[in-house]
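Report on the structure
The lines below spell out each chain.
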Amino acid sequence: MERKYMKRALDLALKGQGSTKKNPLVGAVLVKEGQIIGEGYHKKYGGPHAEREALASVKEDPRGSTLYVSLEPCCHYGKTPPCTQAIIEAGISRVVVALLDPNERVGGQGIKELRQAGIQVDLGLLEEEARKINHPFFRRLRTKRPYVISKIAMSLDGKTATSGGQSQWITSQASREDGHSYRALADAILVGRGTILADDPSLTNRSGWGEDPIRVILDSQLATPLDARILHLDSKAKTLIFTQVQDPKRLEPYRDLGAQVQTVARTKGGLDLREVLRVLDQEEVGTLLVEGGSTVHGSFLEEDLIDEIVIYQAPILIGGQKARPAIGGQGLASLKEAINFGPLQVTQLGPDLKIVGRR
């Protein structure tokens, strides 16, 4: 029965996907005398945490109840007050926690505080399941930057366009629809200037749920056309352009159109991607979706900045050295440098394969 309650907490946590930015996904369920009396999840970055949402939903006295929560309750003031305080004040007698919060501001201190208040705390129920749904959060804590997903649509032989530049559409509609769900999950979506020139994309979320992500363009020479669709969208999400250009007269027309233009340093391989990620972190970007093109994916690979790879592979061959490869750049010099994304998750989407790998 206890697994059932924690499974419900994990299912609730997933409802926050695409809305919690740098915060983890957390769900909570309150049980009294074998009945669920309240439940909640962390709905939005800056909003109440799952425990407080669960307590707010209760219509009877929660004293003596058991709280099932997918991540250790916080014990510090951030954008919201500590959840441990709310749990203690509510008179909850027992807390079942799936997983310790590795955040240095928590890290077992939440559980310690609850136990010092006389509350029984049990740890480890469905721990691996809880760890899996918050993989990006834990990765962000280690890397101290946004979680980076590279998404690629390609042929069997790893091509994303023909030698003549044709790329629409290599994969099926089923794959394209699935791919759009990642725009709902991501806080920002990134492409290079080449993609803007070739496809004139809007980079909006057309999945049917979630909000538009922040749109990010890497444009070292600041050559994005001023009439590009991305600069004239009716969307709440902002557009960020990263460039090496510093001349205010060059930057002004883009800013007049509402874009945020940020000058960053240039490295041997192009714009300094680590500086780009630092800026995006300040913009509260938790997950960054990299959609292309070939050069951009190559740069993220060579800088070892890809955390997850999502590949949609069509059952076609394109061939030719002039056809665009999925990942460009110089490539890694030896197999010892190759990055392992296994074990892979492989599913069928219409005629295509969807392949997902995580660090």
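Placed above this text is the structure.
Values in this document were obtained by computation on a predicted structure and should not be read as measured data. (Residues numbered from 1 in each chain as written. Predicted model: local features only at pLDDT ≥ 70, side-chain atom pairs only at ≥ 80, totals over all residues. Heavy atoms only, no water.)

**Observations concerning the nonpolar core**
If you look at the biggest cluster of nonpolar residues, it comprises 41 residues, and the most contacted ones within it are M6, L67, Y68, I92 and V95. Looking at this core, the element that brings in the most residues is helix 1 (residues 2-14), giving six residues. Sequence-distant contacts of V95, defined by excluding residues within four places in its chain, comprise L67, V69, I87, L114, I119, Q120, V121 and D122. (Core = buried A, V, L, I, M, F, W, Y, C linked by side-chain atoms within 4.5 Å. Buried < 20%, exposed > 50% of the residue type's maximum accessible area, 1.4 Å probe, protein only. Helix = DSSP H or I, 4+ residues; strand = E, 2+ residues; numbered from the N terminus. Contact = heavy atoms within 4.5 Å.)

**A short note on the pattern of salt bridges**
Enumeration according to the criterion identifies 20 salt bridges in this entry. Across the pair D11 and K7 runs a salt bridge whose closest N-O atoms are separated by 2.9 Å. Taken together, the residues span about one helical turn, with D11 and K7 both in helix 1 at a distance of four residues. A relative accessible area of 33% means that D11 is categorised as partly exposed. The class of K7 is partly exposed, set by a relative accessible area of 42%. For the salt bridge of E308 with R358, the shortest nitrogen-to-oxygen distance reads 3.2 Å. Of this pair, E308 sits in strand 15 (residues 308-313) while R358 sits in strand 18 (residues 352-358); the two residues are 50 residues apart in sequence, bridging distant segments of the chain. For E308, a relative accessible area of 5% gives the class buried. The exposure class of R358 is partly exposed, given its relative accessible area of 29%. (Salt bridge = Lys/Arg side-chain N within 4 Å of Asp/Glu carboxyl O.)

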